[in-house]
Amino acid sequence: MTEEKSQEAVEAARRIRKEFFTDSCSTRGALVDILEQYNAKIQFDIHGQPPMKNDDKIILTLPRNTGINHDNYTIAHEIGHLVLGHSIEVMQDRINRDISDEDRQANIFAAELLMPEDLFRVICKECKYNVKSVGSHFGVSPSAVGVRMCILGIDKHDEEEHKPHWCYRYPVTYTIL
């Protein structure tokens, strides 16, 4: 994916965050408001389903057994597809094991929407790089925080490191406990 496409995702996320995320609105509340703006809604089922179009509305079906913080990232990712103008076919493609450029772009959008880089760096430091505390602050899962820290190269020195396997290639450390 090009740097231009990455920057497009970041700028779109910042624009949407500025419009929908307020001090009086929860992360989930903001996400639901954004979905309404894009004529989409969430529903829950035993198993999640790829997004589908029902008349003019896009339906995101999430599994019942995942937590709200995990779901927030999933919702933000799908919002990224909508905001960035990706087709419903791109959103439905779950068979292809290779991550598409559109999915990468939607991930960049979701990360910046939920965990804006400047604020994320401050909160990581305030929370002493504890991924659970940072996740609670932003309404995302600890694994989403860990990935964001790895990608941004946010490092915690002089404390015991606990890195999940997906982070070994990045020169960063953080705390899970």
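Everything discussed here concerns the structure shown above.
A brief structural summary. Computed from a predicted model, the values in this text were never measured in an experiment. (Residues numbered from 1 in each chain as written. Predicted model: local features only at pLDDT ≥ 70, side-chain atom pairs only at ≥ 80, totals over all residues. Heavy atoms only, no water.)

## As for the packing of aromatic side chains
Now for step 1: Tallied over the entire structure, the rule returns 1 aromatic pair.
Now for step 2: Consider the rings of Phe120 and Phe138, whose centres lie 5.8 Å apart with planes at 40°: the pair is tilted. Here Phe138 lies in helix H7 (residues 131-138) and Phe120 lies in helix H6 (residues 117-126), a separation of 18 residues in the sequence.
Now for step 3: Judged by relative accessible area, Phe120 falls into the buried class, the value being 0%.
Now for step 4: According to the relative accessible area criterion, Phe138 is buried, its value standing at 4%.
Now for step 5: Positioned above the aromatic ring of Phe120, the side-chain terminus of Arg148 is 6.0 Å from the ring centre. (Phe/Tyr/Trp six-rings, centres within 6.5 Å; stacked < 30°, edge-to-face > 60°. Helix = DSSP H or I, 4+ residues; strand = E, 2+ residues; numbered from the N terminus. Buried < 20%, exposed > 50% of the residue type's maximum accessible area, 1.4 Å probe, protein only. Lys NZ or Arg CZ within 6 Å of the ring centre and 35° of its normal.)

## Some points on the nonpolar core
Now for step 1: By size, the foremost hydrophobic cluster in this structure holds 41 residues, and its most contacted members are Leu31, Phe109, Leu113, Met115 and Phe120.
Now for step 2: Counting residues per element, the ones that place at least two in this core are helix H1 (3-20), helix H2 (27-37), strand S3 (57-63), helix H3 (68-83), helix H5 (101-114), H6, H7 and helix H8 (142-152).
Now for step 3: For this core, the leading source of residues is H3, giving 6 residues.
Now for step 4: Apart from the residues within four sequence positions on either side, Leu31 is in contact with Phe21, Asn72, Ile75, Ala76, Ile79, Leu113 and Leu114. (Core = buried A, V, L, I, M, F, W, Y, C linked by side-chain atoms within 4.5 Å. Contact = heavy atoms within 4.5 Å.)

## Thoughts on H3
Now for step 1: Spanning 16 residues, H3 covers 22 Å between terminal C-alpha atoms, matching the ideal 22 Å at 1.5 Å per step.
Now for step 2: Among the 16 residues in H3, 12 count as buried, and that is most of the element.
Now for step 3: For H3, the complete set of buried residues consists of Asp71, Asn72, Tyr73, Ile75, Ala76, His77, Glu78, Ile79, Gly80, His81, Leu82 and Val83.
Now for step 4: Gly85 lies just past H3 and shows a positive phi near 80°. (Expected span 1.5 Å × (residues − 1).)

## Some remarks on the sheet that holds S3
Now for step 1: With mixed pairing, 3 strands are arranged side by side in an open sheet as S1-S3-S2. Looking along the sheet, the strands with just one partner apiece sit at the ends: strand S1 (40-45) and strand S2 (49-54). For this sheet, the mean angle separating the axes of adjacent strands, direction not counted, is 25°.
Now for step 2: Two strands pair when backbone bridges link them, and S1 and S3 are joined in this way by 6 bridges, in the parallel orientation. Counterpart to Gln43 in the pairing with S3 is Thr61.
Now for step 3: In the packing of H2 onto the sheet, contacts are made with S1 and S3, and the angle to S1 comes to roughly 120°.
Now for step 4: Along the sheet face, H3 touches S1, S2 and S3 and points at about 155° away from the line of S3. (Pairing = 2+ DSSP bridges. Axes fitted to C-alpha atoms, helices over the stretch in contact; angles between N-to-C directions.)

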